[in-house]
Every structure is written in structure tokens, then in C-alpha cells.
Amino acid sequence: MSGTPAGGTPGSRPVAPSTGAPVGLGPVPVMNAANVLTALRLALVPVFIGLVVVSRLELVGWRIGAAVAFTVASLTDFVDGWIARRFGLVTSFGKVADPIADKALTGTALLLLSAYGRLSWWVTAVILAREFGVTLLRFWVIRYGVIAASRGGKAKTALQILAIAWYLWPFPPGPAAVGPWIMAAAVFATVATGVDYAVRALRLRRSGARA
């Protein structure tokens, strides 16, 4: 007999025809590539804080280091999610640790930018209020189902990362002036997707309560 699993290639894991996700392989180990990347993102948060504090967002070399650390950590958010879905490596640890890592990184970056006078405090307050509000809504409706991430939510995340990275990088005055416009787009997307999430959460809870 061939060593090829159904629906796969030699040496590959069997997958579900409808989703392409691996199936029938038993419990997913907590120590896997997706969770390692999530843990790496968490580990990079104190490194990022240290680089920002040392640079005071004034010393070019350290500031570049902070921007690179933030960008690398942020990119792991896209990669770990893709790996978890593509290879069936979704775990309870990942479901909890991933959003914590995201908020720890983004929240810390925004707070530091405001603390060093690079970003208005109201911007940080609006974004953090939305992020934690959505988290509360997620727990509020969790017994009725899960609200899938929308394209708007993904765009919001990308805009936040780009805006923060732009503020961190020591651009000359000309390019630096683009930063507030990117941040404005990020704030708009943050508020809009927050409202959309709240509406969908209310609909889910009402439909669940009637069921």
C-alpha cells in the first residue's frame, strides 16, 4: 500500500476536503510552531520596552532597534495564526495567549509613544478602550458562539502596526509627517470595527437567547 494519507501527498498529514485542515491526528501538542511564535511575541514585549526606554525615542540606533523589535513581534501575529489554522495546531493555550500577546505589544507601544510625547493620549485611550471592550464582548457572548474576525478587523490590525512602526522609526520631518495620517486611519478603522463587533455581538446574544 502507498504511504500517502487520503487527501494528501507522501509524508503529509491527512486533511479535511472542505477546509484543508489536518484531521484525525489526536490532541494537538501545546509545544508547537504556532504557540512558540506566540510565546516569542510575548517575550519580545519587555525587549521592546527596554529599547524604547533606553532610546527615549531620541537616540537613533536604539530607536531603530525598538522599531525592528516591534515589527518582528507584530509579524509573528500573522504567521502564528496562519500556521495554527493551516496545520491544525489550534490549542486552548493559543486561544488565550494570542490575544494577550497582541494587546500587550500594541498597548505597551501606544502607552510608551504617549508617555514620550509622540502620540496624543486620547488616541491611545480610544484604541485601548476599543480593544479591551471587544475582549469583554467576546466573553459576554462566548456561550452563544464565536464571532469570526472580519476583513475590517484585519485591516485595523495592519493599520495599527504600520502606524506604530512609523512613529517608532526615526524618519526625517518629511516622511514623519505621514505618521499622523496613518494613525488617523488606524483610529477610524479601530472605532468602526469596534462598533461592528458590538452590533454582531448583540445579534449573536439575542439569537442565542431565543434559541
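Everything numeric in this text was worked out from a predicted model, so none of it was measured. (Residues numbered from 1 in each chain as written. Predicted model: local features only at pLDDT ≥ 70, side-chain atom pairs only at ≥ 80, totals over all residues. Heavy atoms only, no water.)

Trainee: Which residues make up the overall build of the chain, and what values go with them?
Mentor: A tally of regular secondary structure across the chain gives seven helices and zero strands. Secondary structure elements in the chain, listed N-terminal to C-terminal, are α-α-α-α-α-α-α. Out of the 211 residues belonging to the chain, those deemed buried represent 38%. Summarising the internal contacts of the chain: among those between residues at least 6 apart in sequence, 72% fall at separations of at least 24. (Helix = DSSP H or I, 4+ residues; strand = E, 2+ residues; numbered from the N terminus. Buried < 20%, exposed > 50% of the residue type's maximum accessible area, 1.4 Å probe, protein only. Contact = heavy atoms within 4.5 Å.)

Trainee: Which residues make up the packing of helix α1 (residues 33-55) against helix α3 (residues 92-115), and what values go with them?
Mentor: Remark: α1 packs on α3, axes separated minimally by 9 Å, with the N-to-C direction vectors making an angle of 15°. Taken together, α1 and α3 sit at an angle that is classed as roughly parallel. The handedness of the crossing between α1 and α3 is left-handed. Residues Asn35, Thr38, Arg41, Leu42, Val45, Phe48, Ile49 and Val52 of α1 form the contact with α3, whose own contacting residues are Phe93, Gly94, Ala97, Asp98, Ile100, Ala101, Asp102, Ala104, Leu105, Thr108, Ala109 and Leu112. Residue composition of the contact of α1 with α3, grouped by class: 13 nonpolar, four polar and three charged. (Axes fitted to C-alpha atoms, helices over the stretch in contact; angles between N-to-C directions. Parallel < 35°, antiparallel > 145°, perpendicular 65-115°, else oblique. Left-handed = near helix turned anticlockwise from the far one by under 90°. Nonpolar A, V, L, I, M, F, W, Y, C, P; charged D, E, K, R; others polar.)

Trainee: So what's going on with unusual backbone geometry? Residues and values would help.
Mentor: Positive phi is not limited to glycine here, since Arg56 has a value of about 55°. Its identity is not glycine, yet Leu57 carries a phi of approximately 55°, on the positive side. With a relative accessible area of 1%, Leu57 lands in the buried category.

Trainee: I'd like a rundown of a nonpolar patch on the surface, residues and numbers included.
Mentor: Nonpolar side chains collect at one region of the surface, where Ile49, Val53 and Tyr116 lie side by side and expose about 210 Å² of accessible area between them. Assignment of secondary structure puts Tyr116 in the loop between α3 and α4 (121-141). (Patch = residues over 30% accessible without salt bridge, like charges linked within 9 Å, V, L, I, M, F, W, Y side chains within 5 Å. Areas by Shrake-Rupley, 256 points an atom, 1.4 Å probe, with all protein chains shown as cover. Salt bridge = Lys/Arg side-chain N within 4 Å of Asp/Glu carboxyl O.)

Trainee: Give a description of the nonpolar core that names residues and reports values.
Mentor: Counting 30 residues, the largest nonpolar core has Phe48, Phe70, Ile164, Leu168 and Met183 as its most contacted members. At the level of elements, α1, α2 (60-86), α3, α4, α5 (151-168) and α7 (179-210) are the ones that each hand at least two residues to this core. A per-element tally of this core places α5 first, with six residues. Grouped together as the second largest cluster of nonpolar side chains are six residues, Val134, Leu137, Val141 and Tyr197 included. (Core = buried A, V, L, I, M, F, W, Y, C linked by side-chain atoms within 4.5 Å.)

Trainee: Tell me about the side chain of Glu131, and please be specific about residues and values.
Mentor: Mapped onto the elements of the fold, Glu131 is located in helix α4. Judged by its relative accessible area of 10%, Glu131 falls in the buried class. Side chain to side chain, Glu131 and Gln160 meet in a polar contact 3.3 Å long. (Polar contact = N/O pair within 3.5 Å; in protein donor to acceptor, adjacent residues only side chain to side chain.)

Trainee: I'd like a description of the confidence of the model for the chain, backed by residues and values.
Mentor: Of all residues in the chain, 86% have pLDDT values of 70 or greater, and the mean over the chain is 85. Taken element by element, the chain is modelled with least confidence in α3, mean pLDDT 89, and with most confidence in helix α6 (residues 173-176), mean pLDDT 96. Taken as a whole, residues 1-21 scores under 50 in pLDDT and shows 25 contacts with residues more than four places along the chain or in a different chain. (pLDDT = per-residue confidence, 0-100.)

Trainee: Outline the environment of Pro27, listing residues and values.
Mentor: Along the chain, Pro27 falls in the segment before α1. Judged by relative accessible area, which is 80%, Pro27 ranks as exposed. Sequence separation of Pro27 and Val90 is 63 residues, and the distance between their C-alpha atoms is 9.9 Å.

Trainee: Would you mind going over the packing of aromatic side chains in detail, with residue names and values included?
Mentor: In the structure shown here, the tally under the stated rule is three aromatic pairs. Measuring from ring centre to ring centre gives 5.8 Å for Trp82 and Phe87, while their planes differ by 85°; the resulting arrangement is edge-to-face. A relative accessible area of 34% places Phe87 in the partly exposed class. Here Arg86 stacks its cationic end above the ring of Phe87, 5.4 Å away from the centre of that ring. (Phe/Tyr/Trp six-rings, centres within 6.5 Å; stacked < 30°, edge-to-face > 60°. Lys NZ or Arg CZ within 6 Å of the ring centre and 35° of its normal.)

Trainee: Tell me what's going on with the pattern of salt bridges, and back it up with residues and numbers.
Mentor: Under the criterion given, the structure shown has eight salt bridges. A network of salt bridges, in which partner residues are shared, links Arg41, Asp77, Asp80, Asp98 and Asp102.

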